[in-house]
Amino acid sequence: ELYRAADEYGFLPDPLTSRIVSRATAGDPEALAGYDADDVDCWIGDQVVSFVAEGDFDADRVAGAEAGEDAAVDGDLLAYTPDDDPADWLARTDGGDTAVGDAVRKLDDLGAIIFSGVPAPDDDSDLRWVGLGLARDGDWQLVAVWAFDDGDAAEEGLDAVVAAVEEGEVPSMIEGDVADRIDVDGSLLTLAAPMRVAPSEWRTPFRQLDPMFGALDDFFGDDGDSDGD
């Protein structure tokens, strides 16, 4: 089922489950992680190692697993990171007033069931971020967000983002004109459009290093200041 989901929708399971699948672990599938793939309702992380998942976890089972030393469970949350104390990743907050928090909440509002995001290149402020995902609203939709420092910057950056998106793969993937699909929403620019390609193709811009991911860097310039008027 995981292979089918990866093929049809570009779905990626959490990093520990990915390791189990890739090495085709025989016997108990919980030996590495301490949980089954279907115990995970959703997860967010770096796709390779560290992540936080929400689901149905047993703290004792996770602690006794091969990866248990780098994992922590708090109720319905599980954190895994070999580079930090996983318990530090389990603080429950409202997401904070950050670009990533705003963008992830917006992707959720847009109906994204899978998404990936990257910080704007050379951005030390953690205020600028680009996310792309696959959503379902009757039809499959491509959804994206560009997180700016504030609402004024988002307004000023609209033309730059539209131009960058039009240079890349997205116009061939969606119905309608790019300029008509991108809206200003506070400090965010958002895109939501029906897809005219298979749902798994939503990851194509990542594979192609699409210009949409460099739009904020081009707009703010090398010194981090806005080039808008």
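Residues numbered from 1 in each chain as written. Predicted model: local features only at pLDDT ≥ 70, side-chain atom pairs only at ≥ 80, totals over all residues. Heavy atoms only, no water.

### What about the overall build of the protein?
Turning to step 1, where the next piece is worked out: The number of helices and strands found in the protein is ten helices and nine strands.
Turning to step 2, where the next piece is worked out: In the protein, which comprises 229 residues, the proportion classed as buried is 41%.
Turning to step 3, where the next piece is worked out: Across the protein, contacts joining residues at least 24 apart in sequence account for 54% of those joining residues at least 6 apart.
Turning to step 4, where the next piece is worked out: Accessible surface, the protein: about 11,800 Å² in total, of which carbon and sulfur atoms supply 44%. (Helix = DSSP H or I, 4+ residues; strand = E, 2+ residues; numbered from the N terminus. Buried < 20%, exposed > 50% of the residue type's maximum accessible area, 1.4 Å probe, protein only. Contact = heavy atoms within 4.5 Å. Areas by Shrake-Rupley, 256 points an atom, 1.4 Å probe, with all protein chains shown as cover.)

### Remarks on the pairing of strand β7 (residues 139–147)
Turning to step 1, where the next piece is worked out: In terms of burial, β7 is largely enclosed, as eight of its nine residues are buried.
Turning to step 2, where the next piece is worked out: Examined bridge by bridge, strand β6 (residues 129–137) and β7 share nine bridges and lie antiparallel to one another. Following the sheet pairing, G133 is matched in β7 by V143.
Turning to step 3, where the next piece is worked out: Here β6 folds back onto β7, and the loop between the two strands holds one residue, one of which, G138, carries a positive phi near 80°. (Pairing = 2+ DSSP bridges.)

### Focus on the sheet that holds strand β5 (residues 112–119)
Turning to step 1, where the next piece is worked out: Ordered in space as β5-β6-β7-β9-β8, the five strands form an open sheet in which the pairing is antiparallel. Where the open sheet ends on each side, the last strands, each with one partner, are β5 and β8 (182–185). Neighbour to neighbour, the strand axes of the sheet diverge by 20° on average, direction disregarded.
Turning to step 2, where the next piece is worked out: Inspection of the sheet shows β8 paired to strand β9 (residues 188–194) by four bridges, in the antiparallel sense. Its bridge partner being in β9, D183 is matched across the sheet by T190.
Turning to step 3, where the next piece is worked out: Strand contacts of helix α6 (residues 151–167): β7, β8 and β9, with the helix running at about 160° to β8, the strand carrying the most contacts. (Axes fitted to C-alpha atoms, helices over the stretch in contact; angles between N-to-C directions.)

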